[in-house]
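Tertiary structure, described
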Amino acid sequence: MKNNDPFLDFLESTAGTYEAAPPADVRRRHLAALAEETAAIRRKRLRRTGLLLSAVLMVVSTTLFWWLNQTPSMEDCFSNQIVSYQPVEKAAQGAREVLASPTTTALETSREATPLQKENRTFDQQLPAIEFEVKEHPLTLLPVRKLLPVVAKPHASLSGFRKIPAKVILLPMPDSTAPTKPSQRKVMPWIENFSAGVHYTPEWMFNTLDQTDRLVHNFGAELSWSKKPFSVRSGVSVSLATGVTDLAYTYNENLGVKQKLDSVSFAWDEEGRKIVPTWYFSEKTVFDTATDFTVTSVRKRYLYLQIPLILGFDFHQTQRVSMGLRAGPVMQILLNTSQLDANPSLGNNRVISINQLTPERLSLHWQALFGFNTTFVLSKRFNLEIEPHVKYYFNSVYEKAATRQKPWSLEVRSALIIKL
Amino acid sequence: MTNEQEILKRCIKGDNRALTALYDRYAPKLLGVCLRYVPAKSDAEDILQDAFIKILRNLERFEYRGEGSVEGWMRRIVVNSSLNFLRDREKNMVLVENMMPADVEAGDEDDVSPRVSPEEIIRLIQQLPAGYRTVLNLFVFEHYSHKEISVLLNCSESNSKSQLLRARMLLKKNMMQFIANKEFVPVYEKQ
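Residues numbered from 1 in each chain as written. Chains lettered and ligands numbered in written order. Predicted model: local features only at pLDDT ≥ 70, side-chain atom pairs only at ≥ 80, totals over all residues. Heavy atoms only, no water.

**Let's talk about the pairing of strand β13 (residues 350-356) of chain A**
Residues and elements named next belong to chain A. Of all seven residues making up β13, five are buried, and the element is well covered by its neighbours. With six bridges joining them, strand β10 (residues 230-268) and β13 adopt antiparallel strand pairing. In the strand pairing of β13, Y249 is matched with I354. (Buried < 20%, exposed > 50% of the residue type's maximum accessible area, 1.4 Å probe, protein only. Helix = DSSP H or I, 4+ residues; strand = E, 2+ residues; numbered from the N terminus. Pairing = 2+ DSSP bridges.)

As structure tokens, then:
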């Protein structure tokens, strides 16, 4: 046997299979504790699922909110407009102003009831262009139509002829079918500071047990808030890592099947002169008493959930590019472990024990991230970010301290960002 | 799918009946392991409970590799729990070269095996000093090499070897004395 010592072999063969059944009260206590633990595990699973669901909900609701803000709600606008206009963008700080060129409609003609309106129409026909200053002013008194007060201003070329009194005409909000420029969409001031994005980040890890499989793939969605030059970023990422796990098998070798003598019966022959034996055998698998060892490896894939909280400072900004520093903690939760290779088989040999030499991975660990961010402005709403990082792991990724030095990694994040 | 696998799957889903079946199947064997490492039965029971909770928490991550793999895995958890307990509780479990009492000598090489029962052997192992007992258990019953023991117990490889040698000598001497006197206290009083 393995010990090569009769005394130790005797110990193993005698006491190795020793069993002691727990007393009834101890059994009850243990089972109660296990039932409690089962309930705790179930609660933990629910919490984890809730966390994931809330993260997904956050991303979905952010996307939905952004999408709804893209198309203004116009259900309450009616189709018969008194004045339609073709807006001309005019840059203004703070308040939004639109200059409109009015064109009369059939409805307007049919409603020429008052002398003032008749006078207006006469002027409109005579004068080729009148600028209207449109100011947003929600009128809550009209539940069906949202109307805008329009102040008519005299055209600059007519300033010398006669003084045109300023009049107020109520205009409906633009029709949803009217062409609007994306830059004129209604954006709440607070949301202008937010942006959402998706990223892919390859990562190269160092100081791990498996030095051949360093590459880790990270991808996910993120939401960031910025007030130049500072920014805060968070989100949800999925991280896929692979690694090799060594398993040490202790086994007894299968020597084959032997015929085991169960019993022998004797009977007189027909002549009654000889005793004829009948042998009864059964088959029995025989294993070697010597213990053998073998070490095999299997590849495993680890699925992590990452939740970062990254603070940023942009020290250089131009119209096309901005550069800055990023730093912050990252929480990483092990969601799933799956085995990529088939289970190693020892054939018909008898497995005595399996020792996993490579420790299991931790279910939760923390990292610190430091990076240099470069943002390229692709358009008014889309940015491309390239961000090389250095990540330091506060604790080992393994349950036991498998390596003396803590892991660290290099990664390059590339993200497509949409301003909300 | 074997019955064993079925039990494991149901345990993962939170089936308490499957958990009871798992406990009843393996608790006697695992308590036997605990008692080899820790003499006090109340401590052994606590270790068994802790180990079962660890087993339950890690069931999802266990990969079934045929018959015997479940027991091997659970046994490893129990051994690690016992070692952790000894580290925490028995701070004096120092593995030093000169820990051996001077008067211990190797017993006779007579064959003592037929005259001692498994329960009596466990009792004699429990009477060994904690350091000796741990090295003996890891080497003889868990099949750890001296190199692995040295890593586990944070000592040198030669230290582990000498501990084993002295444990063997002391155990054999105690066994001879026991056979001569035949005074036996049960390891574990079954109820």
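Next comes the rest of the description.
**Observations regarding the interface of chain B and chain A**
In this complex, chain B contributes 59 residues to the contact, which on the side of chain A involves 48 residues. Carbon and sulfur atoms make up 59% of the area that chain B and chain A hide from each other, which totals about 4900 Å². Contact with chain A buries area across many residues of chain B, yet R61(B), R65(B) and H143(B) alone supply 16% of it, more than any other trio. Run the count over chain B and chain A and you get seven salt bridges. Residue R29(A) is joined to D46(B) by a salt bridge in which the shortest nitrogen-to-oxygen separation is 3.8 Å. Across the chain B-chain A interface, the total number found is 10 residue pairs in polar contact (both at pLDDT 80 or more). Among the secondary structure elements, those contributing two or more residues to the side of chain B that touches chain A are α2 (16-37), α3 (41-58), α4 (69-89), α5 (118-126), α6 (130-141) and α8 (157-181) of chain B. When grouped by side-chain class, the residues that make up the side of chain B that touches chain A number 27 nonpolar, 13 polar and 19 charged. (Contact = heavy atoms within 4.5 Å. Buried area = accessible area lost by both parts, 1.4 Å probe. Salt bridge = Lys/Arg side-chain N within 4 Å of Asp/Glu carboxyl O. Polar contact = N/O pair within 3.5 Å; in protein donor to acceptor, adjacent residues only side chain to side chain. Nonpolar A, V, L, I, M, F, W, Y, C, P; charged D, E, K, R; others polar.)

**Re the pattern of salt bridges**
Applying the stated criterion to the full structure yields 22 salt bridges over all chains. As a salt-bridge pair, D24(B) and R27(A) come within 2.8 Å of each other at their nearest N and O atoms. In this pair, D24(B) is assigned in helix α2 and R27(A) in helix α2 (residues 24-70), connecting two distinct chains. A residue is classified by how much of its surface remains accessible, and D24(B), at 37% relative accessible area, is partly exposed. For R27(A), a relative accessible area of 29% corresponds to the partly exposed category. Among the ionic pairs, E222(A) bridges to R413(A), the shortest N-O distance being 2.3 Å. Of the two residues, E222(A) sits in strand β9 (residues 215-227) while R413(A) sits in strand β16 (residues 408-419), which places them 191 residues apart along the sequence. In this pair, the class of E222(A) matches that of R413(A), namely buried.

**Observations concerning the environment of L11(A)**
Structurally, the position occupied by L11(A) is in helix α1 (residues 6-15). Exposure remark for L11(A): the relative accessible area of 0% places this residue in the buried category.

**A word on the nonpolar core**
Counting residues in each nonpolar core, the largest one holds 71 residues, and the members touching the most others are L11(A), F52(B), M74(B), L136(B), L138(B), L171(B) and M175(B). If you tally residues by element for this core, the top one is α2(B), at 12 residues. No fewer than three residues from each of domain 1 (4-89) and domain 2 (97-181) of chain B sit in this core. When neighbours within four sequence positions are excluded, M74(B) is seen to be in contact with L22(B), Y26(B), L30(B), F52(B) and I55(B). Judged by nonpolar contacts, the second largest core, of nine residues, contains V216(A), A241(A), V397(A) and Y398(A). (Core = buried A, V, L, I, M, F, W, Y, C linked by side-chain atoms within 4.5 Å. Domains from an automatic or database assignment.)

From the geometry alone we can't say anything about function, so treat these as descriptive.
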